[in-house]
Amino acid sequence: MAEGTRSLRGGSGSSPASSPVLGGRGRAAVVAAAAGGSSPPGHGFRRVTLTKPTFCHYCTDFIWGLAGYQCEVCNFMSHEKCLKNVKIPCSCIAPSLVRVPVAHCFGPPGHYKRKFCTVCRKSLESPAFRCEVCELHVHTDCVLFACSDCRQCHQDGHQDHDTYHHHWREGNLSSSARCEVCKKTCGSSEVLSGMRCEWCGILAHAACYVIVTPECTFGRLRNMILPPSCVQLFSRNFSKLHCFRISENLQTESDEDDDVDGSTQGSAKDVQISTDSSKQTLKIFDGNDAVKRNQFRLISVPRIAKNEEVVEAALRAYYINDDQQEYELQTFTQQALLSDDVINRNDAAQDTNLGSVFRESVPEAWIIRAKPKEEEVIRIYPAWLKVGMAYVSLRVNKDSTTQTVIKEVLPLLGRQMECLQNFKLVEVLMGSKQVQRMVLDNQELILNRLKDIRKTSIRQMNQTRFYIVENSKSVVRVNLFVGGLPPQLSSEEYTNILKDELAIKSAVVLEISCFSEAERIYMLVKDTTVNDKPLNAVVIPEVMASKIPRNCCPLLVFVNPKSGGLKGRDLLYSFRKLLNPHQVFELTNGGPLPGFHTFSKVPSFRVLVCGGDGTVGWVLGALEEIRHKLVCSEPSVAILPLGTGNDLGRVLHWGAGYSGEDPYSILVSVDEADDVLMDRWTILLDAEESAEGAENGVAEPEPPKIVQMNNYCGLGIDAELSLDFHHAREEEPGKFNSRFHNKGVYMKVGLQKISHTRNLHKDIKLQVDQHEVELPSIEGLIFINIPSWGSGADLWGSESDNRFEKPRIDDGLLEVVGVTGVVHMGQVQGGFRSGIRIAQGSYFRVTLLKPIPVQVDGEPWIQAPGQIIISAAGPKVHMLKKSKQKQKKTASLKEMRVYSMSASEGGR
C-alpha cells in the first residue's frame, strides 16, 4: 500500500455494528449481534511513517521499521500482519455495540500516571476524567465521545435481567497481567491493550476474550458481591454521583466541563497544530448545540484541499464513520459565533457551495451538516430483550410517523396480534454522563425528528437509539434517607418537623412515589437546618432479598475517607470497582445508618469498617441502635485499620495500619476470616453537678448520659493527653493526616506533662462487683477490654497471676490497670514495663470527687464530679479475626487477579 492513500474502512457497509441491514425489497430484517461476534471493527487504517518508538495495540510488540498502520479515527496502531486479526472496534462504532446503555459516573479531572484514554487511545498526560464505578479513563475533550457502557449495577426498569455477561474494558492493565485463556502476558504499560471483566476480574488478550464463556460468575468474590439483579433504584432525576452516594465536593472542579471542554482543549491544540506551515487549522462545530456552547474540534488540512477531504477530516474529528457524501460544510462569520441568537440564525449561515477547493482565505469556523434525505433506514431495538443486542432495520420516508413505525415493527418481532396502543417508541440518547429517554408522540414524523437531532448535533445522532417499549404502569419508589434530625423524638414529632421544614403535605416516609417530588425533597433537605444542624439526604437503593442466592453473603463496606492519611479516598474507589458500588458507603455522607437501612432485609451479610478505632465504635454503636430492624441482627464485623492507634485492628490480626495492600487481597482475607465474639460495655455518666457550675459556685446537675465502650476507658493522665491531642487537632486539622505526625504530637504533649504530679487515687473511689477497692498511688486509671492499648502496648502484661483470670475479649470481664505517670506510660509502650494490676470484674462504680479528664476509645472530655458506672452492654458483638494460618494463602491469591491501586495512580 502506498503511503498516504485513502483509508480502508473495515466493515463499512457490511457490519451489523456499522451499517443498517435490509431485508429483501426494502423489508426490515432482524439482526442479532452476539457477544464476541466476529464483526469487523470499523477502523479506517492508513499507512503512516513512524518517527518515534511505537508499539502495536493488538500484539503489544514493538513495530520495527519506519511504517505502521494507524486508524485515522481512533489512532489504533498495528503491524501490517496484525491488521486482519484486529478485534477491538473503533471508537466511531463503539456506541452501536453497547448492549444496555448505562452512563458513567465521572469525578473531577485528575492526573493519572501511565493510563490511556479509551476514546483516542493516547496517554493521559493532561488532567483527565475517571469513572468512579468502572475502569474508564478519558481525556476531558474526549469525554463527550465516550460510550455509555458503564457497569449495570442495579435494575432501573429498563432492560432488567438476571443473567450477567462479562463486562469487558480494554487496557490500562498491569504489565504483569496474564491472559486467562493462553496464560501469556496480556498487559502493557506502553499502549492500551488487553481486556478485563469489570465484575469477575479475569484478564485476556483482545484475540482471546472472544472465546471466553460469555456468562460472568463474578469470580472469587462472588459470595461477597451484591448481585446487580438484586438491587433496584429508580434514578431518573438524580445524577450518578447521587445514586452512588459519592460526595458532591468531588465534582466541584468539573461542574462546568460541558461548557468549557471543547474550547479549552481546542486552544491548546491550536498552538500544536499551527506549527506546521503547510497546514491550515479549522474550527469545526457539529451542530447548533456546539455553536451555543462554543465547543469545537480542530482539524488540520492542507492549505489547498478538496471539499471532500475537509468533510472527511471533520467527520473523523467527531468519530463519525459515515459516508462523507452525506454531509456538507456551512460557514458563518465570526460575529455569528458571538451572537446570542446563533441557533435561530442558522438559516443566515451561508449555504455552502464551496466549489472543489478550500483555500487559505476561507473563514476559520465551519458547521458540519447532514444533507436532507427523502428516506432513511433506522434501527428499532425491542426493549423487552433481556440479554444480547438485537434490532430491526426499517426504512422510513417523509410520511412515516411513530405509529406507522410501531405498526411495521411489531409483526417482525412476532407481536402482530397485539394492540398498537400497548406500545410506545422511545428515543434514547446514550451520553457518557447521562442516558436520556424521551417518548415520541404517535403522530411525530420520524424523518423530521432525525433532522432535528442532526441539526442539534451529528455526534448525538451517532449516540441515539430508538426502542419499542411496552406500556406498563410501573410503580415508582425512591428511597431517601434524611439524617441530622434531633434524636429521641416520637414519630409524630419527626413528621411535624419534616412537614414544617420541607412542606411535605403527604405522609412522611422514606419511600417517595414521584420522581419530581423526590428531587424536590432532596434539594430542600440539602438547604435545611434543624436546631442549627444541617440535614442531609442520601439516595439509597432497594435490595430485593428474595433474589439473593442462598450461598451469597454480601459485604457491607463503610469507609471513613478522613482516616489514615486520607487513604480512605483511594479505598473507596478500589472497593467500588471490586464490588457493587451500592454496597460501599462513605461515612462522611450520612454515617452508617444509610448502609444498614439498605441491608435491612438481607438475610445474611458481613461488615467491613475502614477507619480508626473511633470509626469502628461509631459503626458498632449504629448497629446496636438499628439491630432490631435488621433481618440479620448480628452481622460479623471486620476491620481495615486506618487510624492512629488501631488497637482493635491489632488484636484481631488486621495489622497496625493500612499501608497500601492490594484491596482485592484484603477482601479475600475478609472472606476467609474467623468469626469471634467480643464484649461491649455501657458507661453511665451521672454527674452531680456540671463542671462550669462548680466554678461559678452554682451547682447545676447534668442529665445522665450513656456511651458505649469497645477498647478501653481511661481516667486521669491518659485521658488528659488525649484531650490535649484532640484540642491540637481541632486547631489545625489539616496537619493531622498521617499516623507518623499524629504520634509525634502525642509524644510532644506527653513531654510537656512529664513533670506534672497528680494524686488521682485521692480524687476518685472505685467499686468492683460491689466491693470497695483501695487504689495505689497512681496518676491514671484505665479499664481495658482488649489486650492492646496506646498503639499496641500490652498494659496488663503477660505474667501469670493467680489472683486474676487470663484476659480474653469475650470473657465478660474488664481489667483495671493503673499508671504512675507519663514516664510509666512511655515504658509500657516501649515494652519495658506493664501497668499496675488493680482489679478484674464485670461491674464497676467510680466516684469522682472533682472534675477529671475521661476518655473512651480515644474520645476525651472533662467529666464533672459524680458517678461513672460501667457494665456489660447486652449481647456480645460478632467480629472477624484474620487467621494467621491463612495469610500466606491470601498472599498467593494476588496472582489470580492483577489489581494494583497505588496512591500515586489515584491522586488528583
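Computed from a predicted model, the values in this text were never measured in an experiment.

Enquirer: Mind showing me how you'd approach the overall build of the protein chain here?
Expert: When helices and strands are tallied, the protein chain shows 21 helices and 46 strands. Taken across its 908 residues, the protein chain has 54% of its residues classed as buried. For the protein chain, the share of sequence-separated contacts (at least 6 apart) that also reach a separation of at least 24 residues comes to 71%. On the protein chain, roughly 40,800 Å² of surface is accessible, and the fraction owed to carbon and sulfur atoms is 49%.

Enquirer: What is the right way to look at the sheet that holds strand E45 (residues 866-872) in this model?
Expert: Neighbouring strands of a sheet are bound in pairs by backbone hydrogen bonds; such pairs are parallel or else antiparallel. Within the open sheet, the 6 strands sit side by side as E35-E34-E45-E42-E37-E38. Their pairing is antiparallel. Of all strands in the sheet, those with a lone pairing partner are strand E35 (705-709) and strand E38 (771-773), marking the two edges. Between one strand axis and the next, the sheet turns through 25 degrees on average, direction left out of account. Bridge count between strand E42 (residues 843-848) and E45: 6 bridges; the pairing is antiparallel. Counterpart to Arg-845 in the pairing with E45 is Ile-869.

Enquirer: Can you help me understand helix H13 (residues 613-626) in this one?
Expert: Residues spaced three or four apart along an α-helix face the same direction, because each turn holds 3.6 residues. For H13, with 14 residues, the first-to-last C-alpha span of 20 Å sits near the 20 Å given by 1.5 Å per residue. Looking at H13, one finds that the buried residues are Asp-613, Thr-615, Val-616, Gly-617, Val-619, Leu-620, Ala-622, Leu-623 and Ile-626.

Enquirer: Help me understand the pattern of salt bridges, please; the structure alone is not making it clear to me.
Expert: Note that side chains of opposite charge can pair when their charged atoms are close. Inspection of the entire model under this criterion finds 27 salt bridges. Residues Arg-454 and Glu-376 are paired through a salt bridge, measuring 2.3 Å at the closest nitrogen-oxygen approach. Placement of Arg-454 in helix H7 (residues 446-456) and of Glu-376 in strand E18 (residues 375-382) is noted, with a sequence separation of 78 residues between them. Grouping residues by exposure puts Arg-454 and Glu-376 together as buried. The salt bridge partner of Asp-801 is Arg-803, with a shortest N-O separation of 3.0 Å. Overlapping salt bridges bring together Arg-46, Glu-72, Glu-312 and Arg-316 as one network.

Enquirer: I would appreciate a short explanation of the pairing of strand E15 (residues 327-331) in the present structure.
Expert: Residues in a regular strand point their side chains to alternate faces of the sheet. Within E15, 4 of the 5 residues are buried, which leaves the element mostly enclosed by the surrounding structure. Of the pairings in the sheet, the one linking E15 to strand E17 (residues 365-370) comprises 5 bridges and is antiparallel in character. Paired with Glu-328 across the strands is Arg-369, a residue of E17.

Enquirer: I would appreciate a short explanation of the sheet that holds strand E44 (residues 859-863) in the present structure.
Expert: A sheet is described by the order of its strands in space; here 6 strands give the open sequence E41-E40-E39-E36-E43-E44, paired in antiparallel fashion. Of all strands in the sheet, those with a lone pairing partner are strand E41 (836-841) and E44, marking the two edges. Across this sheet, the average inter-strand angle for adjacent strands is 20 degrees, counted without regard to direction. Direction of pairing for strand E36 (residues 712-716) relative to strand E43 (residues 852-856): antiparallel, over a ladder of 3 bridges. Directly across from Leu-715, in E43, lies its bridge partner Val-854.

Enquirer: What am I meant to see in unusual backbone geometry here?
Expert: Phi is mostly negative for residues that are not glycine, and the peptide bonds are mostly trans. Its identity as a non-glycine residue notwithstanding, Thr-60 has a phi of 65 degrees, on the positive side. Looking at the secondary structure, you find Thr-60 in the loop between strand E3 (44-49) and strand E4 (67-71). Taking relative accessible area as the criterion, Thr-60 reaches 23% and is therefore assigned partly exposed. Look at Asn-172: it is not a glycine, yet its phi comes out positive at around 60 degrees.

Enquirer: Explain the packing of aromatic side chains to me, please; I cannot follow it from the model alone.
Expert: We describe a pair of aromatic rings using the distance from one ring centre to the other and the angle between the two ring planes. Across all of its chains, the model carries 18 aromatic pairs by this definition. When the ring of Phe-45 is compared with that of Phe-76, the centres are 6.1 Å apart and the planes differ by 80 degrees; the resulting orientation is edge-to-face. With Phe-45 in strand E3 and Phe-76 in the loop between E4 and strand E5 (77-78), this pair connects stretches of sequence that are 31 residues apart. Side by side, Phe-45 and Phe-76 carry an identical accessibility label, which is buried. Seen from their ring centres, Trp-796 and Phe-804 are 5.2 Å apart, and the 75 degrees between their planes marks the pair as edge-to-face. Cluster of aromatic residues (ring-pair linked, three or more members): Phe-55, Phe-62 and Trp-64. Here the guanidinium or amino end of Lys-705 rests over the ring plane of Trp-861, the centre of that ring lying 5.1 Å away.

Enquirer: Would you take a moment to explain the environment of Leu-571 for this structure?
Expert: In this structure, Leu-571 sits in helix H11 (residues 568-578). Beyond its immediate stretch of four places on either side in the chain, Leu-571 contacts Leu-640, Leu-642, Tyr-658 and Pro-663.

Enquirer: Hey, could you run me through helix H4 (residues 307-317) in this one?
Expert: All of the buried residues in H4 are Val-310, Val-311, Glu-312, Ala-313, Ala-314, Leu-315 and Ala-317. Directly beyond the C-terminal end of H4, a positive phi value near 55 degrees is found at Tyr-319.

Enquirer: Any chance you could explain the pairing of strand E39 (residues 780-784) here in plain terms?
Expert: Counting buried positions along E39 gives 5 out of 5 residues, so the element sits mostly inside the fold. Across the two faces of E39 the burial is the same, with Gly-780, Ile-782 and Ile-784 and Leu-781 and Phe-783 all buried. With 5 bridges connecting them, E36 and E39 associate as antiparallel partners. Its bridge partner being in E39, Tyr-712 is matched across the sheet by Ile-784. Note that E39 and strand E40 (residues 814-819) share 5 bridges and pair antiparallel. Bridging across to E40, Leu-781 finds its partner in Gly-818.

Enquirer: So what exactly am I meant to see when it comes to the side chain of Arg-297 here?
Expert: Mapped onto the elements, Arg-297 comes out in strand E13 (residues 297-302). Residues contacting Arg-297, with those up to four places away along its chain left out, are Asp-141, Phe-145, Leu-282, Lys-283, Ile-284, Ala-317, Tyr-318 and Tyr-319.

Enquirer: It is not clear to me how the packing of H11 against helix H15 (residues 663-672) should be interpreted in this structure. Could you clarify?
Expert: Between two packed helices, what matters for the description is the angle formed by their axes and the separation of those axes. In the contact formed by H11 and H15, the axes pass within 10 Å of each other and the chain directions differ by 65 degrees. In terms of orientation, H11 and H15 fall into the roughly perpendicular class. Once H11 is placed against H15, the crossing between them reads as right-handed. Residues Leu-571, Ser-574, Phe-575 and Leu-578 of H11 pack against Pro-663, Tyr-664 and Leu-667 of H15. Looking at the contact of H11 with H15 residue by residue, the classes come out as 6 nonpolar, 1 polar and no charged.

Enquirer: Any chance you could explain the environment of Phe-783 here in plain terms?
Expert: On the secondary structure map, Phe-783 appears in strand E39. For Phe-783, a relative accessible area of 0% translates into the label buried. Remark: the alpha-carbon pair of Phe-783 and Cys-713, spanning 70 residues in sequence, is separated by 5.1 Å. Excluding anything up to four places from it in sequence, Phe-783 contacts Met-709, Asn-711, Tyr-712, Cys-713, Leu-715, Leu-766, Leu-814, Glu-815, Val-816, Phe-844, Val-846 and Ile-870.

Enquirer: For this particular structure, what's the right way to read the side chain of His-154?
Expert: Here His-154 lies in the loop between strand E7 (137-139) and strand E8 (168-170). A relative accessible area of 8% means that His-154 is categorised as buried. A polar contact of 2.9 Å, which involves the side chain of His-154, links it to the side chain of His-582.

Enquirer: It is not clear to me how the nonpolar core should be interpreted in this structure. Could you clarify?
Expert: Soluble globular proteins tend to bury their nonpolar side chains together. In terms of nonpolar packing, the biggest core is built from 140 residues, with Phe-575, Phe-596 and Leu-608 touching the most fellow members. Core analysis: the next-biggest nonpolar cluster, separate from the first, contains 27 residues, Val-768, Leu-814, Val-846 and Leu-848 among them.

Rules of the game
Residues numbered from 1 in each chain as written. Predicted model: local features only at pLDDT ≥ 70, side-chain atom pairs only at ≥ 80, totals over all residues. Heavy atoms only, no water. Helix = DSSP H or I, 4+ residues; strand = E, 2+ residues; numbered from the N terminus. Buried < 20%, exposed > 50% of the residue type's maximum accessible area, 1.4 Å probe, protein only. Contact = heavy atoms within 4.5 Å. Areas by Shrake-Rupley, 256 points an atom, 1.4 Å probe, with all protein chains shown as cover. Pairing = 2+ DSSP bridges. Axes fitted to C-alpha atoms, helices over the stretch in contact; angles between N-to-C directions. Expected span 1.5 Å × (residues − 1). Salt bridge = Lys/Arg side-chain N within 4 Å of Asp/Glu carboxyl O. Phe/Tyr/Trp six-rings, centres within 6.5 Å; stacked < 30°, edge-to-face > 60°. Lys NZ or Arg CZ within 6 Å of the ring centre and 35° of its normal. Parallel < 35°, antiparallel > 145°, perpendicular 65-115°, else oblique. Left-handed = near helix turned anticlockwise from the far one by under 90°. Nonpolar A, V, L, I, M, F, W, Y, C, P; charged D, E, K, R; others polar. Polar contact = N/O pair within 3.5 Å; in protein donor to acceptor, adjacent residues only side chain to side chain. Core = buried A, V, L, I, M, F, W, Y, C linked by side-chain atoms within 4.5 Å.

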